[in-house]
Amino acid sequence: MTDVYFADLRARGPHENKSQKIRRLFDAAGFGRMVRPGDLTAIKLHVGERGCDTYLRPIFARQVVEKVRERGAHPFITDTGTLYAGSRSDAVRHTVTAIEHGFDYAVVGAPVIIADGLRGGHWREVPINGKHFERARIAGGILDADSMIVLSHVKGHDLAGFGGAIKNLAMGCSPPSGKAEQHAGRPFVEVERCGGCGKCTLVCPQAAMTLVEGRAHLNPEHCVGCGDCMRACPEGAIEFDWTTEIRPFIERLCDYALGAVHGKAGRVGYINFLLNITPDCDCVPWSDAAIVPDIGILASTDPVAIDQASLDLVNSERGFVRTQLAANHAPGEDKFRGTWDYTDGRYQTTCAARIGLGEEDYRLIEI
Ligand code: SF4
Ligand code: SF4
């Protein structure tokens, strides 16, 4: 059974604000022992797609940056490029989006370094003993870090059910080609939007994309689903087929989460923020209304235990009406299933525990 530390959101004095609670959680969960002097410490978070405004607050990241620096380590804020074309699909646009969202040195006190390089090509394979994969593609900046603190905004997700620490490790620490492996989908060309520039044919590592009569043509037999063509297209003419079977998708996600912590036994800490619990991932360029009230902040050394505790706390709330939550409003009912009824976020913790990422049993300790 793993300890999960919890701070509620009540505050009636100068020593009870959220920043101080984050610092106390850092100490209570023993993160000070896992970060060593001289470490390059990754602070892994999601800076939010442009248009989303409920991503993790930069001032919260700053508390963790300062705690890491007090240990004599060198923190950096990090994330990886997206599979889809958007405001974070290369390191230049990603860094600009991060700064626009407040993840600037002046605010967070640490540089933003995109872990998978300029165009998502900086990654290495690591061995894993997963259900679907024997190897996972993990961003070089994650693998090269000595220690890591994973800050996760807990919210819903239309495929994974919800996003917490496990998903932040899996999708969040892999390059676009690793994300594509997890989704196991393939791109397709919207021919009427194709201008015939040929840029997709130049970046395709499989020669799967060719020009036929002045329009892009994809050979599905050669395509490995890396998404490079999609990000290269200036017309937005290449889309991705996101449809996938839910359970195998979640299993692939858990495999990749295992890859993200490769080589860092006892060197990764997790903080989950149960604030602005929206129905969608922060990858969407909007923020819908929260489905339950704000709850608090959790810290643990176990990504499975902290996600399980997060799910239990979310489900214990009464759900909001006039939101995307369509069912399961009563306390105790599954809120993310009430939002996305075809998926099952609870399977993430079951599956992750099965492959040894952590344990579902936890003891909640209120600080
Ligand atoms: S997804 Fe990758 S392999 Fe498939 S066509 Fe696009 S660039 Fe080529
Ligand atoms: S990059 Fe886009 S516009 Fe250019 S050929 Fe490929 S699909 Fe068409």
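Look up a bit, the structure's there.
Residues numbered from 1 in each chain as written. Chains lettered and ligands numbered in written order. Predicted model: local features only at pLDDT ≥ 70, side-chain atom pairs only at ≥ 80, totals over all residues.

1. Concerning the site of ligand 2
Right, on to step 1. Taken together, 14 residues surround ligand 2, and among them Cys194, Cys197, Cys200, Ala216 and Cys233 come closest.
Right, on to step 2. Considering only residue class, the shell around ligand 2 consists of nine nonpolar, three polar and two charged. (Near = placed C-beta within 6 Å. Nonpolar A, V, L, I, M, F, W, Y, C, P; charged D, E, K, R; others polar.)

2. Some thoughts on the environment of Gly72
Right, on to step 1. Relative to the elements of secondary structure, Gly72 occurs in the loop between helix H3 (58-70) and strand S3 (74-78).
Right, on to step 2. Setting aside its immediate chain neighbours within four residues, Gly72 contacts Pro37 and Gly38. (Helix = DSSP H or I, 4+ residues; strand = E, 2+ residues; numbered from the N terminus. Contact = placed C-beta atoms within 7 Å.)

3. With respect to the site of ligand 1
Right, on to step 1. In the vicinity of ligand 1, 15 residues are found, and the nearest of them are Cys204, Ala208, Cys223, Cys226 and Cys229.
Right, on to step 2. When its residues are assigned to classes, the shell around ligand 1 shows eleven nonpolar, three polar and one charged.

4. What to know about the nonpolar core
Right, on to step 1. Judged by nonpolar contacts, the single largest core of 92 residues is most densely connected at Ala61, Ala257 and Ile271.
Right, on to step 2. Among the elements that take part in this core, helix H11 (residues 246-260) stands out by supplying eight residues, more than any other.
Right, on to step 3. The contact partners of Ala257, leaving out residues within four places of it in the chain, are Ile166, Leu169, Ala170, Pro303, Ala352 and Leu357.
Right, on to step 4. Of all hydrophobic cores here, the second largest spans eleven residues; its members include Ala216, Met230, Ala237 and Ile238. (Core = buried A, V, L, I, M, F, W, Y, C linked by C-beta atoms within 7 Å. Buried ≥ 20, exposed ≤ 12 C-beta atoms within 10 Å, placed from the backbone.)

5. A word on H11
Right, on to step 1. With 15 residues, H11 should cover 21 Å at 1.5 Å per step; its first-to-last C-alpha distance of 21 Å lies within 8% of that length.
Right, on to step 2. Burial analysis of H11 places twelve of its 15 residues in the buried class, which makes it a mostly covered element.
Right, on to step 3. Every buried residue belonging to H11 is among Phe249, Ile250, Glu251, Arg252, Leu253, Cys254, Asp255, Tyr256, Ala257, Leu258, Gly259 and Ala260, and all of these are buried. (Expected span 1.5 Å × (residues − 1).)

6. Quick word on helix H4 (residues 91-100)
Right, on to step 1. All of the buried residues in H4 are Ala91, His94, Thr95, Thr97 and Ala98. All buried residues of H4 project into a common sector of 160° when viewed along the axis, lining one side.
Right, on to step 2. Directly after H4, the chain includes Gly102, whose backbone phi takes a positive value near 100°. (Arc of directions from axis to C-beta.)

7. Overview of the sheet that holds S3
In a beta sheet, neighbouring strands pair by backbone hydrogen bonds and run either parallel or antiparallel.
Right, on to step 1. If you trace the seven strands from one edge of the open sheet to the other, you get S3-S2-S6-S13-S14-S1-S15, paired in mixed fashion. In this open sheet, the two strands that pair with only one neighbour each are S3 and strand S15 (362-366). Neighbour-to-neighbour, the strand axes of the sheet open up by a mean angle of 20°, direction not taken into account.
Right, on to step 2. Inspection of the sheet shows strand S13 (residues 268-274) paired to strand S14 (residues 296-300) by five bridges, in the antiparallel sense. Across the sheet, Tyr270 pairs through a bridge with Ser300, a residue of S14.
Right, on to step 3. On top of the sheet, helix H1 (residues 18-28) reaches strand S1 (2-8), S13 and S14; it is set at about 20° to S14, its chief contact.
Right, on to step 4. In the packing of helix H12 (residues 303-315) onto the sheet, contacts are made with S1, S13, S14 and S15, and the angle to S13 comes to roughly 10°. (Pairing = 2+ DSSP bridges. Axes fitted to C-alpha atoms, helices over the stretch in contact; angles between N-to-C directions.)

8. A closer look at the packing of H11 against helix H14 (residues 346-354)
Right, on to step 1. Put simply, H11 and H14 touch, their axes get as near as 9 Å, and they point 50° apart. With respect to each other, H11 and H14 are oriented oblique. The way H11 lies across H14 gives a crossing that is right-handed. Across the interface between the two elements, Arg247, Ile250, Glu251, Leu253, Cys254 and Ala257 from H11 touch Tyr347, Gln348, Cys351 and Ala352 from H14.
Right, on to step 2. Each residue belonging to the contact of H11 with H14 can be placed in one class, and the counts come to seven nonpolar, one polar and two charged. (Parallel < 35°, antiparallel > 145°, perpendicular 65-115°, else oblique. Left-handed = near helix turned anticlockwise from the far one by under 90°.)

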